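# A closer look at the structure
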Amino acid sequence: MQPKIFYNIMADGTVKQVNPFTGTEVWSVAGRGRKPLSNEVQATARPIEVHSPENYCSFCPTRYFETPPEKSRMVRHDDHWERLDFLAPDKYGDSVAEFRRVGNMFEIVTLDYWRKNYAYKMAAQRQKWKEDYLANPVGLKHITDIIRYKLRQEGKTEEQLDKMPLSERLAVADAFFGGGHEMVIARPHYREGATLEADLFSSGDMSLEEHYRYFRFTVDAISDIVTSNRYVRYVSVFQNWLRNAGASFDHLHKQLVALDEWGASIDNQISMLRNDPNVFNEYGANFAAHHNLIFAENDYAIAFAGIGHRYPTIEIYSRSHAGRPYEHSDEEIRGMSNLVQACHAAMGPKISCNEEWYYTPIDAIYKMPWHVLIKWRVNVPAGFEGGTSIFINPMTPIDLRDRMVPNLYQLRDQNLIDRVRIAEECRVDPNPLKYYLK
Ligand SMILES: [Zn+2]
């Protein structure tokens with residue numbers, strides 16, 4: 001048997017790749033990359049009727065009562081930002097939330113999962129929040145309304161709902177207050193000056209400051225989830241952008257899901273770290289540098305085209321000594337945020353994508369660097385993939401790099417991205433990731 005080679009450009013241009021961290025085998029076939037990316041063809045060109053303030057979906061600013069209660073919100077004053085936690089429901093309308101953190105009405109890992117498997121009890125502070133919320137008439141109406149909505153979605157009839165005792169219905173609400181599946185929702189639905197349904201507000205439309213606040217707020221949510229439930233071993237963080245990426249709302253949001261395990265992929269990466277603490281430099285950053293796949297960096301982070309992914313994938317790694325986002329300094333989080341925002345801006349808002357965060361699990365003693373993958377959902381794995389376990393990615397890593405670089409230059413010329421070194425300006429020092437240091 002031939003040993004696996006991670007990255008092999010063949011004579012005809014086919015690029016065979018194996019992801020060093022997951023073992024996924026991928027081919028990019030020469031010529032297929034020239035097919036247009038399906039998502040660039042606008043799914044809809046229907047004009048919108050502009051409403052101000054926005055009220056297009058349940059995540060919009062006029063519809064605060066269509067999501068579970070707010071754990072936290074970020075409010076922008078002229079020159080500073082303020083975080084308001086556990087806001088009383090009758091105060092929702094007193095300020096405009098730039099970001100809101102709420103429970104997910106339809107949890108992947110439910111509150112009952114934690115209760116039944118671990119005897120988890122809601123923290124006292126959460127319990128009190130629930131009691132105060134329900135004691136407030138606005139809060140009680142909010143909760144009874146959304147419980148009705150949730151149970152109807154789950155197939156209960158009006159008649160069944162009417163027969164259900166109030167105490168039983170209200171028990172459903174515990175998940176809104178004490179659950180570990182949350183959403184962080186951005187304010188705008190459409191971009192500034194939108195005229196078409198496809199002109200949705202994306203991560204790349206944010207200013208650097210807004211994107212930093214979005215990241216910071218999400219990082220704070222991870223810490224809070226970990227503090228509120230001692231059985232949590234990892235919090236999965238992701239953003240599904242547009243329907244092809246699995247988003248059920250077009251309105252920009254991230255999700256956080258508390259887990260009691262790391263998942264197979266991180267398990268495997270941690271065991272690689274045990275054998276070689278420098279593995280994320282060797283097979284990540286250094287490898288990308290040797291194959292000229294690094295296309296952008298700043299003092300805190302580095303971005304390159306990933307190899308061995310089913311979808312064209314951008315990887316952004318933190319250079320911090322810290323292995324968990326909430327252990328990063330404000331500058332480091334800002335640096336990571338700036339580079340991720342630059343990548344979103346350069347790829348544009350029309351490409352459906354998953355943004356996935358990876359970092360050192362809460363109970364791991366081997367450090368892995370915080371990194372963010374942006375996977376472009378432009379292809380659908382089909383029969384060939386199912387039969388062979390070889391995935392066809394429509395773009396080679398070099399195609400992906402070359403698509404990003406000119407757009408990044410253009411954004412920098414327009415002062416839309418901050419202190420990013422692009423393409424050949426990148427210093428590509430050996431071992432640029434410092435997570436392995438104390
Ligand atoms: Zn909306």
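It should be noted that the structure appears before, not after, this text.
A few points on the structure.

Scoring rules and cut-offs
Residues numbered from 1 in each chain as written. Predicted model: local features only at pLDDT ≥ 70, side-chain atom pairs only at ≥ 80, totals over all residues. Heavy atoms only, no water. Pairing = 2+ DSSP bridges. Helix = DSSP H or I, 4+ residues; strand = E, 2+ residues; numbered from the N terminus. Expected span 1.5 Å × (residues − 1). Buried < 20%, exposed > 50% of the residue type's maximum accessible area, 1.4 Å probe, protein only. Polar contact = N/O pair within 3.5 Å; in protein donor to acceptor, adjacent residues only side chain to side chain. Salt bridge = Lys/Arg side-chain N within 4 Å of Asp/Glu carboxyl O.

## Some remarks on the sheet that holds strand E12 (residues 313-318)
Strand order in this open sheet of 12 strands is E5-E4-E6-E7-E9-E8-E13-E14-E12-E11-E10-E16, and the pairing throughout is antiparallel. Edge strands, defined here as strands with exactly one partner in the open sheet, are strand E5 (81-85) and strand E16 (421-422). In this sheet, strand E6 (residues 99-103) lies alongside strand E4 (residues 70-76) in antiparallel orientation, the contact comprising four bridges. Within the sheet, the bridge partner assigned to Met74 lies in E6 and is Phe99.

## Details of helix H3 (residues 137-153)
Counted at 1.5 Å a residue, the expected span for H3 with its 17 residues is 24 Å, and the 24 Å between its end C-alpha atoms agrees. Within the span of H3, buried status applies to Gly139, His142, Ile143, Ile146, Ile147, Arg148, Lys150 and Leu151. For H3, the side-chain oxygen to backbone nitrogen distance between the N-cap and Val138 is 3.0 Å, and the N-cap itself is Asn136. Phi for Gly155, located one or two positions after H3, is positive at around 105 degrees.

## Focus: the pattern of salt bridges
Close approach of charged atoms lets side chains of opposite charge pair. This structure, assessed with the given rule, holds 41 salt bridges. The partner of Asp112 in a salt bridge is Arg115, with the nearest N and O atoms 3.8 Å apart. Note that Asp112 and Arg115 are positioned in helix H1 (residues 111-118) at a spacing of three residues, about one turn of the helix. Residue Asp112 is classed as partly exposed on the basis of its relative accessible area, which comes to 36%. For Arg115, a relative accessible area of 32% corresponds to the partly exposed category. A salt bridge links Glu158 to Arg152, with the shortest nitrogen-to-oxygen separation between them at 3.1 Å.

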